[in-house]
Structures are given as structure tokens and as C-alpha cells.
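# Structure at a glance
What follows is each chain in one-letter form.
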Amino acid sequence: MPPRSKPKRAKAAPAPPFASAPGSLLDLEHLPTQDITDILKSARRLAKTPRDLLSKMLPGRRVALLFYEASTRTRVSFEFAAKNLGAVTSVVTASSSSIEKGESLTDTGITLEATGAEAIVIRHPSSGAASLMARHVSVPVLNAGDGMHEHPSQGLLDAYTILEHKKDLRGLRVVITGDIQHSRVARSNAHLLSRFGAKVTLCGPPALLPGSASALAPNLTLERDFARALRGADAVMMLRIQKERLAGFNLNVDEYIAGYQLTAERLRIARKDAIVMHPGPMIRGLELTADVADGPQSVIAEQVGNGVLVRMALLLRAFKA
Ligand code: CP
């Protein structure tokens, strides 16, 4: 028998363009590979930790949740994650904050820190908002999704979910389908999965794909034909059409459904044990059919539950606890 080859190590991350408070999470592109591994391990440990022990991990620590864009999953799971650990939270939304009166994002960050916030979680419609905030405060900043840039905690919870069902990311065939061009989820997943050796195919109509795969992350393949993309897939991640980011592009919904909706028939092209993922919010009947969303291969609800574990791990990392 030939000797087993040593497993290849995951690639290193490029250096971040600027310094931020330790424990910050601004993107996955620059997050060290060891940090990704440690966060996923920590989330696995937390899954087995009794609630009464969890609640003693960050007693009374203050977490500000700045949500300037709509969110259900990310906002609730960050808040529950903080509360599970015994921290206290304050949620600030655009319509209820002094941004309405003209205060800048950076002044809001400085104000939150002055009130005693020890970590700031931020969702914002503008790419780069989390990094801008991180340059102006000395507490950790956690990016909960910034425009079309990245959604790093989603990328981490997706990797966690995949690894609950598959042994290894190396060599795994992952198809991400939909509005790739505008998707921060696709970007974060592409960075993480390609770093760990997964074979990532980005699929969608040309108008919703980037001009070149390398514009998004290294080692990706672009594919317009959904059936071709699905062949041999181990995980199929469907994305929402982000109407709010289409900026003048008129999507023909019927054509989109005909070409890219994940149906039970199309899912049969993938591997038998392929998992179906969606970061949410999902539109049943558009990017996937209800029977697929609720079917035995769907891990969509698991993704949401795992989000609380991964975000607890991120908060512990932010507080170095
Ligand atoms: N996946 C995700 O970011 O969902 P929300 O917009 O509901 O937070």
C-alpha cells in the first residue's frame, strides 16, 4: 500500500491592512488560520457546556449591538450569545439612534465606548463600516455584515455546520448559487473555504457573478450552468436575490427560477449526501422550493442554531475569556 500522504496545512491569511483592538473580527480574508480553527473548536466546546457554567463566563460585561440594517438571525443570535454568557447588551438601531440627528458612525463608536461598551457588534449597509469603526475605538469590533464586503460570523457558522456533517473541508465540493456579486456571505465563505482547501464553485447568471473569480477570493471557479455546478457537490449553498443591492438591474424572476432555483430534481444531481444550506433570509419558491428547504438534506435551521454557538465563541475571544 502506498504511504498515506501527510494532510496539507491550510494556507496562511494575508496580513490585515491596519491594526484593530485584539479580539476584533472584521473579515475572514485577514483572520489568521489558527484563529479560525480556535473559534470553531471553542464553539464545539460551548455546545457541550451546561447553561449555568456559560452564564458565568462574561458576567456583567457590556456589549453594544449596533444594527443599522435589517437583521433577524445575526442580531438575535449575537444578543442571545452575549446573554447566555452573562453579558449585558444594548441594541442600537439607525431609526432609534442619534445617527438620525446627523451623528457620524465614528462619533457613535466613540460615544458607545465612553458609555462603557466593552465590545461593539456592528451591522451596516456600507462596505468597510466595521473597519472604519475599529480604527476609531479601542474596544473589539465584531463585523455582523458590512454592505457587500463580508459577513465573517456567517462564514464561520457555515464552516461549523459543514463540519458537523462532513469530516474535512479539504477537497470538499461546495457550490454557492445566486446573487454572488452582491453577497458578503459568498465572499466570507469563499475566503474561509478556499483557505482550507475546499473546491468552491460560484454559480449564477452572468449579471450576478463577478467578472473574475479572483476578484472575490483565491482558488474559486465560476459556473453559469447550475446543473454542471451541482455535479458531485457535497454542499449546496443558496443565496437570496438581494433586491436592495441590484441597483437598476432588472432581474427576470421567471428566468432566474428556470435557471437557478434549487428543486428536488436538481438536488439529485449533487451527491446523495449533499447538504443544503442558506444563510437566510430565504425566499421559498424563488431561490429554492419549500420541499427542498424543509427536506432531509436541509441544514438551514441548524445553521441558525450554530450561529449562537459561534457568536458565543467570538464574544469570548473578544473578551479574551
Ligand atoms: N444571515 C443573516 O445575516 O441573516 P439576517 O440578515 O437575518 O441577520
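Residues numbered from 1 in each chain as written. Predicted model: local features only at pLDDT ≥ 70, side-chain atom pairs only at ≥ 80, totals over all residues. Heavy atoms only, no water.

## Here's the deal with the overall build of the protein
Scanning the protein from N- to C-terminus turns up twelve helices and nine strands. On C-alpha atoms alone, the protein measures out to a radius of gyration of 20 Å, which is about the 20 Å that the 2.2 N^0.38 rule sets for 321 residues. Summarising its shape, the C-alpha atoms of the protein cover approximately 55 × 55 × 35 Å along the three principal directions. For the protein, the exposed surface amounts to about 14,600 Å²; the carbon and sulfur share of it is 53%. When the 41 basic and 30 acidic side-chain charges of the protein are each reduced to a single mean position, those positions are 7 Å apart. (Helix = DSSP H or I, 4+ residues; strand = E, 2+ residues; numbered from the N terminus. Rg over C-alpha atoms; globule rule 2.2 N^0.38 Å. Areas by Shrake-Rupley, 256 points an atom, 1.4 Å probe, with all protein chains shown as cover. Lys, Arg positive; Asp, Glu negative; His and termini not counted. Charge placed at Lys NZ, Arg CZ, Asp CG, Glu CD.)

## Some points on the nonpolar core
If you look at the biggest cluster of nonpolar residues, it comprises 62 residues, and the most contacted ones within it are L156, I176 and L192. The greatest single-element share of this core, amounting to nine residues, is contributed by helix α12 (residues 300-318). Formed jointly, this core draws a minimum of three residues from each of two domains, domain 1 (7-150 + 304-318) and domain 2 (152-303). Not counting the four nearest positions on each side in its chain, L192 is found in contact with L28, I36, G155, L156, A159 and L169. Ranked by size, the runner-up nonpolar core spans 23 residues in total, among them F226, M238, V276 and L286. (Core = buried A, V, L, I, M, F, W, Y, C linked by side-chain atoms within 4.5 Å. Buried < 20%, exposed > 50% of the residue type's maximum accessible area, 1.4 Å probe, protein only. Domains from an automatic or database assignment. Contact = heavy atoms within 4.5 Å.)

## With respect to the sheet that holds strand β8 (residues 235-238)
What the five strands build is an open sheet, ordered β7-β6-β5-β8-β9; its pairing is parallel. Each edge of the open sheet is held by one strand with a lone partner, namely β7 (220-223) and β9 (275-277). This sheet shows a mean twist of 20 degrees between the axes of neighbouring strands, independent of strand direction. Note that strand β5 (residues 173-177) and strand β6 (residues 199-203) share five bridges and pair parallel. Directly across from R173, in β6, lies its bridge partner K199. Across the sheet, helix α6 (residues 152-165) lies against β8 and β9, angled at about 165 degrees from β9, the strand it touches most. Across the sheet, helix α7 (residues 184-195) is in contact with β5, β6, β7 and β8; its angle to β5 comes to roughly 170 degrees. (Pairing = 2+ DSSP bridges. Axes fitted to C-alpha atoms, helices over the stretch in contact; angles between N-to-C directions.)

## As for the domain arrangement of the protein
Split into domains, the protein comes out as domain 1 (7-150 + 304-318) and domain 2 (152-303). Computed from C-alpha coordinates alone, the two centres of domain 1 and domain 2 are separated by 24 Å. Contacts between domain 1 and domain 2 engage 43 residues on the former and 31 residues on the latter. When residues of domain 1 are sorted by the area they lose upon contact with domain 2, L28, M148 and N306 head the list and together hold 23% of the total. Counting across the domain 1 and domain 2 interface gives one salt bridge. E69 is the partner of R184 in a salt bridge, and the nearest nitrogen-oxygen pair spans 2.8 Å. Where domain 1 meets domain 2, there are 21 residue pairs in polar contact (both at pLDDT 80 or more). Within the residue set of the side of domain 1 that touches domain 2, elements represented by two or more residues are α1 (33-47), α3 (73-84), β3 (119-124), β4 (141-146) and α12. In the side of domain 1 that touches domain 2, the residues fall into 20 nonpolar, eleven polar and twelve charged. (Buried area = accessible area lost by both parts, 1.4 Å probe. Salt bridge = Lys/Arg side-chain N within 4 Å of Asp/Glu carboxyl O. Polar contact = N/O pair within 3.5 Å; in protein donor to acceptor, adjacent residues only side chain to side chain. Nonpolar A, V, L, I, M, F, W, Y, C, P; charged D, E, K, R; others polar.)

## A look at the packing of aromatic side chains
Here the distance between the centres and the angle between the planes together describe a pair of aromatic rings. One pass over the structure, following the stated rule, counts two aromatic pairs. Aromatic side chains F226 and Y260 sit 6.3 Å apart centroid to centroid with 35 degrees between the ring planes, which places their arrangement in the tilted category. A residue pair is termed long-range when its members are at least 10 positions apart, and F226 in helix α8 (residues 226-230) and Y260 in helix α9 (residues 253-260) qualify at 34 residues. The residues F226 and Y260 share a single accessibility class, namely buried. Every member of this aromatic cluster is reached through a ring pair, and the members are F226, Y256 and Y260. The ring of F18 carries R135 above its face, with NZ or CZ at 4.5 Å from the centroid. Lying over the aromatic face of F78, R311 brings its terminal NZ or CZ to 5.2 Å of the ring centre. (Phe/Tyr/Trp six-rings, centres within 6.5 Å; stacked < 30°, edge-to-face > 60°. Lys NZ or Arg CZ within 6 Å of the ring centre and 35° of its normal.)

## Notes on the packing of α3 against α12
Packing of α3 against α12 leaves a shortest axis separation of 8 Å and a crossing angle of 55 degrees. Classified by the angle between their axes, α3 and α12 sit oblique to one another. Handedness of the crossing formed by α3 with α12: right-handed. Contacts between α3 and α12 involve R73, T74, S77, F78, A81, A82 and N84 from the first element and V304, G307, V308, R311, M312 and L315 from the second. For the contact of α3 with α12, a count of residues per class yields seven nonpolar, four polar and two charged. (Parallel < 35°, antiparallel > 145°, perpendicular 65-115°, else oblique. Left-handed = near helix turned anticlockwise from the far one by under 90°.)

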